[in-house]
Amino acid sequence: MKSNPCADCAELRYPSEANLVDNLCERYHRGLIYTNVSHVLLAVNPHRHLEHLYGAAVMQQPAAVRGPHPYSLAQVALMRLKQGPQAIVVSGESGAGKTETAKIIMRFLETHCTFGTSGLEERVLAMSRVLESLGHAETRQNPTSSRFGKFLRLQIGRGGLSPKIATYLLEASRMVSNSSNFHIFYELLAGGDLEKWDLLDVAIQQQNSLERFKHGHAELAEAMKRLSLGHFFQPMLKVIAGITHILSHLRERQGKPAAGAAETRLERACDLLGLQMPNLKTILTTKQLSVPKGEPILMERTEEQSQGILRSLVVTIYCKLFESIVDEMNQTLEVGTSASDELGILDMYGFESLETNGLAQLLINYTNERLQLLFCEQVLMKEQQVYFSEGLLNEEVAVPQEGYGVLQSLDGVLDLLDDWTLTRMRAGGKFSDGAFADAARKAKGSSAKVLRPAVAPGFAVRHFAGEVVYRCHGWLDSNDAKPLPEVLALLEGIDAWPLQKLELPRRSQSVNKRHRAELHSLLVKLKGMHGLHFIRCFRPNKEQNSGWVDRSFLAKQLRGNGVPQLLQVMCQGFPHRVALKEVAASFAGCLPGTEGFSDRLLTELLMHAFQVPRAEWRLGVSQLFLKAGQLASLEELSANPPRLDADRLAAARSTARRLRWRRALHAVTLLCYLARRLRNRRRRRMKGAFLASIFVFRLKSLRIKRSLMVHTRIGATKQLPDPEATAANKLEEMTEMTEMTPQRTNLGEGVVTAGRKRGRPPATPQEGVLLELLRKRRFCK
């Protein structure tokens, strides 16, 4: 390892995963938590405040002095706003510093773009606190894991910044699973008025650790007051309490309690949510089937079907509550600006591989597969643009094709899941979780290289970040938590917030289909941006302590974010770039007698003098492009320039003269070629115009001659018939027709044309083609 770690990991001499981790750890121990991989910024959470990295003084520094930093990335995004909308994608696990990184970017933008919008950062932080309660949950990896993606859109105009947030891919299905619920449920149970909401005897999943949520209720109330949304706090808690009663009812039904206790729980939920208990009871017990030209048929529902309706009701109400809170916050944060530019900040959860992975982890990792493919395409597209601008037209950067195969296999599995969810009631045990796991490996588009058998019921998928084993237990039930028509009919007509503006969808979607639809909308929005900038955030250790790094834990996160894959792809091209002026200034003294040489010629001469293989470097218009590992060799030569002997200097001067003559010869050859091409092009145009005029003239003459012949025949028929004149006319007509129409007579093997008029060439195939062309262009009829 080098004594000085690299600010850009693409400059590593040996770009392996181990050297990547070593470089990040060395910079982290020196207080340098930011590192680049080409255009991508890596950030390792220090879990402590580093004053020397932030502040107004650092904002004013040039990007070259500042080094890798969110300020530098935000500055680049601002400079490119004139070209079109920009977006900054911040990804990583919860606790990796995504929110803090977004705050750092917001401070920079507020300093450079704000006019009269003070306090924007505090309001954005309050919005983040509300979303943390509604959209974060505890996982085995992180106690505050974000279970949705948020896209903060900043409209930049004369009046300052106008923020607007859009949320994507909320994992609402975790409320009806055995996983930990969203924080707001535990904050209500730990710090709310349980007697008011009659929650003293409720039981929901993972209810044992309420101690750490005892201050969350007050913090959430304070955050909503700062957003001027305090009047929505109690109505929101009322809806949460009603959902809690339904969740408690579902949990109690597993123990088969008495029917009276179950109805009491549902009655409390109906009072809080504004539902009619008789209507809910009817929907839970009977199903009405419409019959054409007949009375509807009533069928009794099973216990499994009734619980499916309650799960659908819970998910529908919570998604509507989440959407309503986000809309109210957007209205509060809106600033009247004449916005002309847009900059977005996307905060998305990272790849997950837990001890037990279910449908939620599959959808999360499917999202990361899509974003990773977009990430590679956008970063490599930037590389291609750099090559093109520097004149390296023959250098292409290939996008890894493995991601397409994984996505094709996962699409087949998810499509099959939707089909089984719709038809599982038709054949009982045939549509079990184990049967689905067996069928998923044989789904359309799946590959044996991507999917393989695993612990039953389940399968394993080889993602870009590593292999993940999924267990299919309860997938059909979890995917069925969609807004059923009965649930939508039950919620229709409610006047209480937030269900008073519930829009009934034309077609209900499963959890899987809705997730993929929202993901497609997000990808369309990101692809519509003119420029994408990426920040990958990492945790140094599981304990979230400062001062040390768990290398294996960091390496796992790097693989989960696709950083080693990016480094490998980048190093297939020319990841190192050095300005030609810098190279010329560093090595001008090594080659005496090269005074007056241009920077480009001197750089090329140096490469030949030091015998660097031609495949390891390329010369651009203003930069020297080097393969991985060559920059370190160049720096060593610059620090200790070797003395070249007389033979090598003579060879270098000879190479310089040869390069000059070669460039001059190429320039002369190019000028001669261009002059010859222009001359031939002008000649072809003149020849075409001349031939076109000749043929037009000949066609007009032929038309006139034919019209005269017709008039002559008409005049001859009006006169008295004269046998001698008639014979003479016929002879003349035959002669003219013979002159006009060539006759072909076969004589043995040869072909002889008879009756041809002297001085008039016969019609050739080329003339026929030109005649047809002129007729199409209306030169003649």
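Residues numbered from 1 in each chain as written. Predicted model: local features only at pLDDT ≥ 70, side-chain atom pairs only at ≥ 80, totals over all residues. Heavy atoms only, no water.

> Break down the overall build of the chain for me, with residues and values.
Counting its secondary structure elements, the chain contains 27 helices and 19 strands. Buried positions account for 46% of the 781 residues belonging to the chain. When contacts within the chain are restricted to residue pairs at least 6 apart in sequence, long-range pairs at least 24 apart make up 70% of them. On the chain, roughly 40600 Å² of surface is accessible, and the fraction owed to carbon and sulfur atoms is 53%. (Helix = DSSP H or I, 4+ residues; strand = E, 2+ residues; numbered from the N terminus. Buried < 20%, exposed > 50% of the residue type's maximum accessible area, 1.4 Å probe, protein only. Contact = heavy atoms within 4.5 Å. Areas by Shrake-Rupley, 256 points an atom, 1.4 Å probe, with all protein chains shown as cover.)

> Which residues make up the packing of helix H6 (residues 120–135) against helix H9 (residues 216–226), and what values go with them?
H9 packs onto H6 with a crossing angle of 140° between their chain directions and a minimal axis gap of 9 Å. Looking at the two axes, H6 sits oblique to H9. The chirality of how H6 crosses H9 is left-handed. Counted together, Glu122, Ala126, Arg129, Val130 and Ser133 of H6 and Gly216, Glu219, Leu220, Ala223, Met224 and Arg226 of H9 form the full contact between these two elements. Here the residues of the contact of H6 with H9 sort into five nonpolar, two polar and four charged. (Axes fitted to C-alpha atoms, helices over the stretch in contact; angles between N-to-C directions. Parallel < 35°, antiparallel > 145°, perpendicular 65-115°, else oblique. Left-handed = near helix turned anticlockwise from the far one by under 90°. Nonpolar A, V, L, I, M, F, W, Y, C, P; charged D, E, K, R; others polar.)

> Lay out the sheet that holds strand S16 (residues 617–619) with the relevant residues and their values.
Read across the sheet, three strands follow the order S15-S17-S16 without closing on themselves; strand pairing throughout is antiparallel. Each end of this open sheet is capped by a strand with a single partner; those strands are strand S15 (576–579) and S16. The average angle at which neighbouring strand axes cross in this sheet is 20°, direction not considered. Sitting on the sheet, helix H22 (residues 580–587) is in contact with S15, S16 and strand S17 (623–626), with an inclination near 70° to S15. (Pairing = 2+ DSSP bridges.)

> Run through the packing of aromatic side chains, naming residues and quoting values.
Evaluated as defined, the whole model comprises 14 aromatic pairs. The interplanar angle of 65° and the centroid separation of 5.7 Å between the aromatic rings of Tyr387 and Phe625 together place this pair among those described as edge-to-face. Here Tyr387 is found in helix H14 (residues 359–389), whereas its partner Phe625 is found in strand S17, with 238 residues between them in sequence. In terms of burial, Tyr387 and Phe625 fall into one category: buried. A ring pair is formed by Phe436 and Trp475, whose centres lie 6.1 Å apart and whose planes are at 50°; its orientation type is tilted. One end of the pair, Phe436, is in helix H16 (residues 433–440); the other, Trp475, is in helix H17 (residues 475–479), with 39 residues separating them in the sequence. Given the relative accessible area of 1%, Trp475 is considered buried. One aromatic cluster is present, formed by Trp420, Phe436, Phe459, Tyr470 and Trp475 through successive ring pairs. A cation sits over an aromatic face here: Arg536 above Phe375, 4.1 Å from the ring centre. (Phe/Tyr/Trp six-rings, centres within 6.5 Å; stacked < 30°, edge-to-face > 60°. Lys NZ or Arg CZ within 6 Å of the ring centre and 35° of its normal.)

> Can you break down a nonpolar patch on the surface residue by residue, with the values?
Taken together, the side chains of Leu289, Val291, Ile297 and Met299 define a hydrophobic patch exposed on the protein surface, amounting to about 300 Å² of accessible area. Here Leu289 lies in strand S8 (residues 286–289). (Patch = residues over 30% accessible without salt bridge, like charges linked within 9 Å, V, L, I, M, F, W, Y side chains within 5 Å. Salt bridge = Lys/Arg side-chain N within 4 Å of Asp/Glu carboxyl O.)

> An account of the sheet that holds strand S13 (residues 466–471) is requested, with residue identities and associated values reported.
Strands sit in the order S11-S12-S13 across an open sheet of three strands; the sheet is antiparallel. Each end of this open sheet is capped by a strand with a single partner; those strands are strand S11 (451–453) and S13. Strand-to-strand twist across the sheet, computed as the mean angle between neighbouring axes with direction ignored, equals 30°. Here S11 runs beside strand S12 (residues 458–463); their pairing, made up of three bridges, is antiparallel. Paired with Arg452 across the bridge in S12 is Ala460.

> Requested: an account of the nonpolar core, with residues and values cited.
One finds Phe185, Met236 and Tyr318 to be the most contacted residues of the largest nonpolar core, which totals 178 residues. At 13 residues, the largest contribution of residues to this core is made by helix H13 (residues 303–333). When near neighbours in sequence (up to four residues on either side) are disregarded, Met236 contacts Leu134, Ile184, Leu220, Met224, Leu321, Ile325 and Trp497. Leu580, Val583, Phe587 and Trp617 belong to the second largest nonpolar core, which has 26 residues in total. (Core = buried A, V, L, I, M, F, W, Y, C linked by side-chain atoms within 4.5 Å.)

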